[in-house]
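Structural characterization, general
So the chains spell out like this:
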Amino acid sequence: MDIIGLGAGKHGLENHGLFNTGDVYWNLSEPALYEEAIQRGEGVLTRGGALSVNTGVHTGRAPKDKFIVDSPLTHGEVDWGAVNKAISPEQFDVMHGRMAAYYQDRDAFVLDCYAGADPAHRLPVRVVTENAWHKLFARNMFIRPPVEDLENFEPAFTVLHAPGLLSRGPEDQLNSETFILVNFDKRMILIGGSWYAGEIKKSIFGVMNYLMPAAGVLPMHCSANVGPKGDSAIFFGLSGTGKTTLSADSSRMLIGDDEHGWSENGIFNFEGGCYAKVIKLSPEAEPEIYATTHRFGTVLENVVYDDTNRGLDLDDGQFTENTRACYPLDFIPNTSETGMAGHPDNIVMLTADAFGVLPPISKLTPEQAMYHFLSGYTARVAGTEKGLGNDPQATFSTCFGAPFMARHPSVYGQMLRDRIAKHGSSCWLVNTGWSGGRAGSGGERMAIKHTRAMVRAAVDGSLAAAPVRSDPNFGLLIPETCPDVPNDVLEPRTTWSDKGGYDNTAAELRGRFEENFTQFEEFVDDKVKAAGIRRAA
């Protein structure tokens, strides 16, 4: 066994149960990882310099295959159920032993890094993987320590990643050949059976969601930026709502695009990179993100390219609609060097309402903010995901990140409400979805120029003083005017030619909100209940 690279240090792989591996490549640079990935046939160099890889049958996360070890440490803390499924310590140990056997005589790529830009709350993380490109992905996504930190680096959490290792499914008391197993006692994550790199990123986010509340930090599935006056804003939203796009505003400094914490000092990025969805990415509408897809250092997942000239076709979704680009944060112009900012002046919750009935922007009271944070509404559209019918499908993902929340949603919801009250943050609900009708039935996607104008007016403070009126269908406060946005765009009902169709669809969506929120009613007070959306009497 040879050790190649920097920082093997005193805390070696034997501390993770790995012995007699092949060569170990420790903290390699980007060029070295490119060389290894290409030589090993893991990916190809595309025009512009990005490394393109294919993840096979897994083109997204496998949430049904994630388990948390149920132990005295976690038993009373984790919100057990369909999202957080339990596995015994003995089951974990069996799979850990199989992982150790898998790495016998097999090369390993190791990255030492941090999760969390705030030194007071950062988590030292080690990622061990069998592929150079997965290590490059992790190198882009997490925060790289200075060289002087590597020799004595000791991870507080370790990811052992072996996509080529398959479980025996039910025989191992698991759901399939894929497994993501989290052990908070051993501070270790085992990932096998999936080449999709997002499992690495999100497994650590799940760890931060469990650990941070105990440290007084609210973990958030959000993007964040800061204005020239130091005014910061956070953007909650599920995939496809524009969270990455809207936070990458050239007039404001980007802090991060996906995962942040809100501590006693302000907000801070958990990550050092971005993992942007790039299907049908437009160089005109999203030039900063588009440029990263043609740059050395970026990892492209499942993006179609021409075999002859290696040119990209970002419009082609033959492998998946979930095509991705992973790149360091500083690939986006005007990014924060510290990854930190003060307490947010504005909180924006993004939803892509494919039913076409929610207002494009509305102001929320603190109670409404907690309600919509717990609801986490968006809608999926037929044609973009397998198994969907012709109608839009309402999706409620609590805290805008249910698959990653280890504790009960009310823990995060109450922390958010307390911080809004303490720091006086203004809250907004922005619909980046459809207007004038349902998706696929006469509706059109909101013009991004109008959405950008509304968000900019909200976060720069110019919308705060605008007169508002109460929407009769959802109880939301709609601004009557907004700079650079026609007034009729702000009123969703006026954009529908079929007014009765709007009323019926709005009533349908109200019922879905009400039905979904019944699971939280016992955990919130009467003010939050009164602020909720419900069917008309």
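Residues numbered from 1 in each chain as written. Predicted model: local features only at pLDDT ≥ 70, side-chain atom pairs only at ≥ 80, totals over all residues. Heavy atoms only, no water.

**A word on the overall build of the chain**
Keep this limit in mind: For helices the rule is a DSSP run of H or I covering at least 4 residues; for strands it is a run of E covering at least 2, with both sets numbered from the N terminus onward. For the radius of gyration, the atoms used are the C-alpha atoms, and the globule rule reads 2.2 Å times the number of residues raised to 0.38. In this scheme, a residue with accessible area under 20% of its type's maximum is buried, one over 50% is exposed, and one in between is partly exposed, where area comes from a 1.4 Å probe on protein chains only. Note on definitions: a residue-residue contact is assigned when non-hydrogen atoms from the two residues lie within 4.5 Å. Positive charges come from Lys and Arg alone, negative charges from Asp and Glu alone, with His and the N- and C-terminal ends not counted. A single reference atom marks each charge: NZ on Lys, CZ on Arg, CG on Asp, CD on Glu.
Per the secondary structure count, the chain includes twelve helices and 31 strands. Taken over the C-alpha trace, the chain has a radius of gyration of 23 Å; the compact-globule value for 537 residues is 24 Å, and the two agree within 12%. Along the first, second and third principal axes, the C-alpha set of the chain runs to 70 × 55 × 45 Å. Expressed as a percentage of its 537 residues, the buried residues of the chain come to 60%. By sequence separation, contacts in the chain at least 24 residues apart represent 72% of the contacts at least 6 residues apart. Side-chain charges in the chain split into 48 positive and 68 negative, and the spacing between the mean points of these groups amounts to 3 Å.

**Things to note about the confidence of the model for the chain**
Applied cut-off: A score between 0 and 100, pLDDT records how confident the predictor is in each residue.
Scored by pLDDT, the chain has a mean of 93; 97% of the residues are at 70 or more. Across residues 382-389, confidence stays below pLDDT 50; counting only partners more than four residues off in sequence or on other chains, it has nine contacts.

**Considerations on a nonpolar patch on the surface**
Selection rule: Note that patches include only residues with greater than 30% relative accessible area and no salt bridge, and the join distances are 9 Å for like charges and 5 Å for nonpolar side chains (Val, Leu, Ile, Met, Phe, Trp, Tyr). Residue-level accessible areas treat just the shown protein chains as cover; the underlying method is Shrake-Rupley with a 1.4 Å probe. Whenever Lys or Arg places a side-chain nitrogen within 4 Å of a carboxyl oxygen from Asp or Glu, that contact is recorded as a salt bridge.
Taken together, the side chains of I38, L45 and F296 make up a nonpolar region of the molecular surface, amounting to roughly 240 Å² of accessible area. Relative to the helices and strands, F296 is located in the loop between α6 (287-292) and β18 (299-301). You can call F296 partly exposed: its relative accessible area is 36%.

**As for the nonpolar core**
Put simply, the rule reads: In plain words, nonpolar cores are sets of buried Ala, Val, Leu, Ile, Met, Phe, Trp, Tyr and Cys residues tied together by side-chain atoms within 4.5 Å.
Counting 49 residues, the largest nonpolar core has I234, F236, I347, M349, L416 and F474 as the members making the most contacts within it. When sequence neighbours within four positions are dropped, the list of residues in contact with M349 reads F236, L364, A369, H372, F373, F400, L416, W428, L429 and V430. In terms of nonpolar packing, the next biggest core, distinct from the first, is built from 48 residues, V53, V127, F142 and M212 among them.

**Some words on the packing of helix α7 (residues 366-375) against helix α11 (residues 499-517)**
Worth spelling out the cut-off: Axis lines are fitted to C-alpha atoms, over the contacting stretch for helices. Their N-to-C directions set the angle, which ranges from 0 to 180 degrees. Every angle not falling under 35 degrees, over 145, or within 65 to 115 is termed oblique; those three ranges are roughly parallel, roughly antiparallel and roughly perpendicular. Each residue is assigned to one class: nonpolar for Ala, Val, Leu, Ile, Met, Phe, Trp, Tyr, Cys and Pro, charged for Asp, Glu, Lys and Arg, and polar for all the others, Gly among them.
Running from amino to carboxyl end, α7 crosses α11 at an angle of 85°, the nearest separation of the two axes being 10 Å. Taken as axis vectors, α7 and α11 run roughly perpendicular relative to one another. Residues Y371, H372, L374 and S375 of α7 form the contact with α11, whose own contacting residues are F513, E514, N516 and F517. Considering only residue class, the contact of α7 with α11 consists of four nonpolar, three polar and one charged.

**Remarks on the side chain of S52**
Within the secondary structure, S52 sits in strand β4 (residues 51-53). Dropping the residues within four chain positions of it, S52 is found in contact with G43, V44, T46, L300, V303 and Y305.

**Focus on the pattern of salt bridges**
All chains considered together, the criterion is met by 24 salt bridges. One salt bridge in this structure joins E77 and R407, with 2.6 Å as the shortest N-O distance. Residue E77 is located in the loop between β5 (66-69) and β6 (85-87), and its partner R407 is located in the loop between β26 (393-396) and α8 (409-423); the two are separated by 330 residues in the primary sequence. A residue is classified by how much of its surface remains accessible, and E77, at 38% relative accessible area, is partly exposed. Between K202 and E259 there is a salt bridge, with its nearest N and O atoms 3.6 Å apart. One end of the pair, K202, is in helix α4 (residues 198-211); the other, E259, is in strand β15 (residues 259-263), with 57 residues separating them in the sequence.

**Re unusual backbone geometry**
For N334, which is not a glycine, the phi torsion comes out positive at approximately 60°. Looking at where N334 falls in the secondary structure, it is placed in the loop between β21 (324-328) and β22 (340-341). By relative accessible area, which is 36% here, N334 ends up partly exposed. The phi dihedral of F400 is positive, around 55°, even though this residue is not glycine. Relative to the helices and strands, F400 is located in the loop between β26 and α8. Residue F400 is classed as buried on the basis of its relative accessible area of 2%.

**Considerations on the sheet that holds strand β1 (residues 3-5)**
The condition is simple: Think of it this way: DSSP has to see at least two bridges between two strands before they count as a pair.
Reading across from one edge, β1-β2-β7-β8-β9-β11-β10-β5-β6 is the order of the nine strands in this open sheet, with mixed pairing throughout. Each edge of the open sheet carries a strand with a single partner, namely β1 and β6. The average angle at which neighbouring strand axes cross in this sheet is 25°, direction not considered. Note that strand β2 (residues 24-26) and strand β7 (residues 108-115) share three bridges and pair parallel. Its bridge partner being in β7, W26 is matched across the sheet by V110. Strands in contact with helix α3 (residues 132-141) are β2, β7, β8 (123-129) and β9 (157-162); relative to β7, the strand with the most contacts, it is inclined by about 10°.

**Here's the deal with the packing of α7 against α8**
Rule in force here: Helix crossings get a hand from a simple test, with the near helix turned counterclockwise from the far one by less than a right angle marking a left-handed crossing and a clockwise turn marking a right-handed one.
Running from N to C, α7 and α8 cross one another at 150°; their axes reach a closest spacing of 9 Å. Viewed along their axes, α7 and α8 adopt a mutual orientation that is roughly antiparallel. Of the two elements, α7 crosses α8, and the hand of that crossing is right-handed. On α8, the residues touching P366, E367, A369, M370, F373 and L374 of α7 are P409, S410, Y412, G413, Q414, L416, R417 and I420. For the contact of α7 with α8, the residue count by class is nine nonpolar, three polar and two charged.

**Observations regarding the environment of M95**
Along the polypeptide, M95 turns up in helix α2 (residues 89-102). Between the C-alpha atom of M95 and that of S52, which follows or precedes it by 43 residues, the distance is 30 Å. When sequence neighbours within four positions are dropped, the list of residues in contact with M95 reads S167, D172, L174, F179, L181 and L190.

**A few points about the sheet that holds β4**
Judged by pairing direction, the sheet is mixed, and its five strands sit side by side in the order β3-β4-β18-β21-β17 without closing on themselves. Looking at the sheet topology across the chains shown, the edges are occupied by β3 (44-45) and β17 (273-277). In this structure, β3 lies alongside β4, joined through two bridges in antiparallel fashion. Looking at β4, one finds that L45 is bridged to L51. Docked against the sheet, helix α1 (residues 30-39) engages β3, β4 and β21, running at close to 40° with respect to β4.

**As for the pairing of strand β16 (residues 266-269)**
Bridging between β15 and β16 involves four bridges; their strand directions are antiparallel. By the bridge assignment, W262 is partnered in β16 with I267. The sheet contact formed by β16 and β22 spans two bridges and is antiparallel. In the strand pairing of β22, F268 is matched with M340.

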